Amino acid sequence: MGTFAYHVVYRHRAPGPIVNLIAEWVESRTPLRAVLWNVPQARWSYEPGIAARTIYGDVEMEKTEPVDRATAERVARDVLGQELPTEEELHRICAEGASQATT
């Protein structure tokens, strides 16, 4: 099983107001798997397309910053008002999301 990397997402560019958090599954030779806080649905959601554009897109890239798990947990709690899922839960969200995407 791969490990997760965490990225805070700023409104405009780093540093600035934080608006979201992305957990990205890092494992070589596998498709991107990522979970972020889905504001409209008020839940953690499998969103690899949004994550890829945000983390790696030329325009959006300046809006993200990598952080460690402890910082990600604080951002989730203090900024988003949510608990960051455990890595086991993040893997489950990714697996469910990937299976729904292929059906």
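A brief structural summary. (Residues numbered from 1 in each chain as written. Predicted model: local features only at pLDDT ≥ 70, side-chain atom pairs only at ≥ 80, totals over all residues. Heavy atoms only, no water.)

**Here's the deal with the side chain of His7**
Link 1 in the chain: If you trace the backbone, His7 turns up in strand 1 (residues 3-10).
Link 2 in the chain: At 2.9 Å, the side chain of His7 forms a polar contact with the side chain of Glu24.
Link 3 in the chain: Excluding its chain neighbours within four sequence positions, the residues that come into contact with His7 are Asn20, Leu21, Ile22, Glu24, Ile55, Glu65, Pro66 and Val67. (Helix = DSSP H or I, 4+ residues; strand = E, 2+ residues; numbered from the N terminus. Polar contact = N/O pair within 3.5 Å; in protein donor to acceptor, adjacent residues only side chain to side chain. Contact = heavy atoms within 4.5 Å.)

**Describing unusual backbone geometry**
Link 1 in the chain: Its identity as a non-glycine residue notwithstanding, Ala42 has a phi of 50°, on the positive side.
Link 2 in the chain: Mapped onto the elements of the fold, Ala42 is located in the loop between strand 3 (33-38) and strand 4 (43-46).

**A closer look at the pattern of salt bridges**
Link 1 in the chain: For the structure shown, the criterion picks out three salt bridges.
Link 2 in the chain: Ionic pairing is found between Arg69 and Glu73, a salt bridge with its closest N-O pair at 2.9 Å. Here Glu73 and Arg69 lie together in helix 2 (residues 69-78), a separation of four residues that amounts to about one turn.
Link 3 in the chain: The class for Arg69 is partly exposed, based on a relative accessible area of 21%. (Salt bridge = Lys/Arg side-chain N within 4 Å of Asp/Glu carboxyl O. Buried < 20%, exposed > 50% of the residue type's maximum accessible area, 1.4 Å probe, protein only.)

**Comments concerning helix 3 (residues 87-101)**
Link 1 in the chain: The end-to-end C-alpha distance of helix 3, which contains 15 residues, comes to 21 Å, matching closely the 21 Å that a straight helix rising 1.5 Å per residue would cover.
Link 2 in the chain: Leu90, His91, Ile93, Cys94, Gly97 and Ala98 are the residues of helix 3 that are buried. The buried residues of helix 3 occupy an angular sector of 160° when projected down its axis, which confines them to one face. Exposed and oriented more than 90 degrees from the buried face of helix 3 are Glu88 and Gln100.
Link 3 in the chain: Against the buried residues of helix 3 lie strand 1, strand 2 (18-26), strand 3, strand 4 and helix 2. (Expected span 1.5 Å × (residues − 1). Arc of directions from axis to C-beta.)

**Comments concerning the environment of Pro85**
Link 1 in the chain: For Pro85, the location among the structural elements is in the loop between helix 2 and helix 3.
Link 2 in the chain: When the C-alpha positions of Pro85 and Val35 are compared, they lie 9.7 Å apart, and in sequence the two are 50 residues distant.
Link 3 in the chain: Residues within four places of Pro85 in sequence aside, it is in contact with Trp44, Arg69, Leu90 and Ile93.

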